[in-house]
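# Structural overview for review
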Amino acid sequence: MANFEELTKSVISGNATKVKEITKALIDGGVAPLDIINQGLIAGMSVVGARFKNGEMFVPEVLVAARSMTAGIELVKPLIADQNMPSAGKVLLGTVKGDLHDIGKNLVGMMLESRGYTIINAGMDISPEKFVQEIRAHKPDVLGMCALLTTTMLHMKDTIELMKEEGIRDQVKVIVGGAPLSQDFADEAGADGYAQDAASAVDLCNRLLA
Ligand code: B1M
């Protein structure tokens, strides 16, 4: 039977066809969907991240790997989303201005969706003004902002400040996440919470909306 190591290797080499084939074999073999994501797909992307950092992989290869990982996630997604669950709340998600990293944010969205949340995915490169516009349009219970760059994470604070100026800060809980963030940063930015990973983001939303 297909195994995690093969899946990880296929993500690293960006072979989407193989990623889909192995993911499907693991699903058919009864492997838990979240194990496929964590031990196969994300594990592969972690290796890509390390190689990117060391200059052993470059942007085009990273993009191809990211696309192959997404191809696998798309197959697993229907298995963890319970369509019949009543909505636990509405979460507006977006990656901040100047930031084009969306894999982690999409994973957070998928995990929240699987736990009954309604997700409005605003996308990436979202300016503070656009976040405010989206909040007014969708009236979410929670705004979730994501940043992967130390330069762009500063826009989280700008967004929260603009929400205050526009008089809508108290209407929405704000959570933040992304690899360079910390609880200290979230506190300083004025967020209601910080989550280190997708599973913690679900716990955090549950706590904030309880
Ligand atoms: Co970029 N990149 N990248 N990149 N990239 C990083 C982030 C970097 C750490 C790599 C490195 O140098 N070591 C580095 C940032 C350095 C820094 O600021 N400290 C970096 C850089 C420098 C850049 C460029 C500037 C490179 C260049 O062009 N010279 C450029 C910037 C583009 C831009 O945004 N304006 C760039 C571009 C890209 C790609 C487009 C090629 C691609 C993104 C594709 C995409 O997202 N569609 C990319 C990728 C893939 C990465 C790495 C390799 C992987 C990121 C990822 O998807 N990880 C990354 C290196 C790394 O992380 N090791 C890197 C997997 C994902 C599941 O994890 O996003 O952390 P993560 O999400 C986690 C948690 O953080 C958390 O839950 C998720 C799941 O557990 N989480 C949340 C995330 N969002 C959350 C929100 C929440 C709660 C939890 O609440 C709302």
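Residues numbered from 1 in each chain as written. Predicted model: local features only at pLDDT ≥ 70, side-chain atom pairs only at ≥ 80, totals over all residues. Heavy atoms only, no water.

The protein chain has the name Methionine synthase in an unreviewed UniProt entry, where Sporomusa silvacetica DSM 10669 is given as its organism.

### Regarding the overall build of the protein chain
Along its length, the protein chain carries nine helices and five strands. Going from N to C terminus, the protein chain has its helices and strands arranged as α-α-α-α-β-α-β-α-β-α-β-α-β-α. Over its C-alpha atoms the protein chain spans a radius of gyration of 17 Å, differing by no more than 12% from the 17 Å that the globule rule assigns to 210 residues. Referenced to the eigenvectors of the C-alpha coordinate spread, the extents of the protein chain come out at roughly 55 × 45 × 25 Å. Among the 210 residues that make up the protein chain, the fraction classed as buried is 44%. In the protein chain, the proportion of contacts linking residues at least 24 apart, taken out of those at least 6 apart, comes to 72%. Put simply, the protein chain shows about 10,500 Å² of open surface, and 52% of that area lies on carbon and sulfur atoms. Charged side chains in the protein chain number 20 positive and 27 negative. The centres of these two groups are separated by 3 Å. (Helix = DSSP H or I, 4+ residues; strand = E, 2+ residues; numbered from the N terminus. Rg over C-alpha atoms; globule rule 2.2 N^0.38 Å. Buried < 20%, exposed > 50% of the residue type's maximum accessible area, 1.4 Å probe, protein only. Contact = heavy atoms within 4.5 Å. Areas by Shrake-Rupley, 256 points an atom, 1.4 Å probe, with all protein chains shown as cover. Lys, Arg positive; Asp, Glu negative; His and termini not counted. Charge placed at Lys NZ, Arg CZ, Asp CG, Glu CD.)

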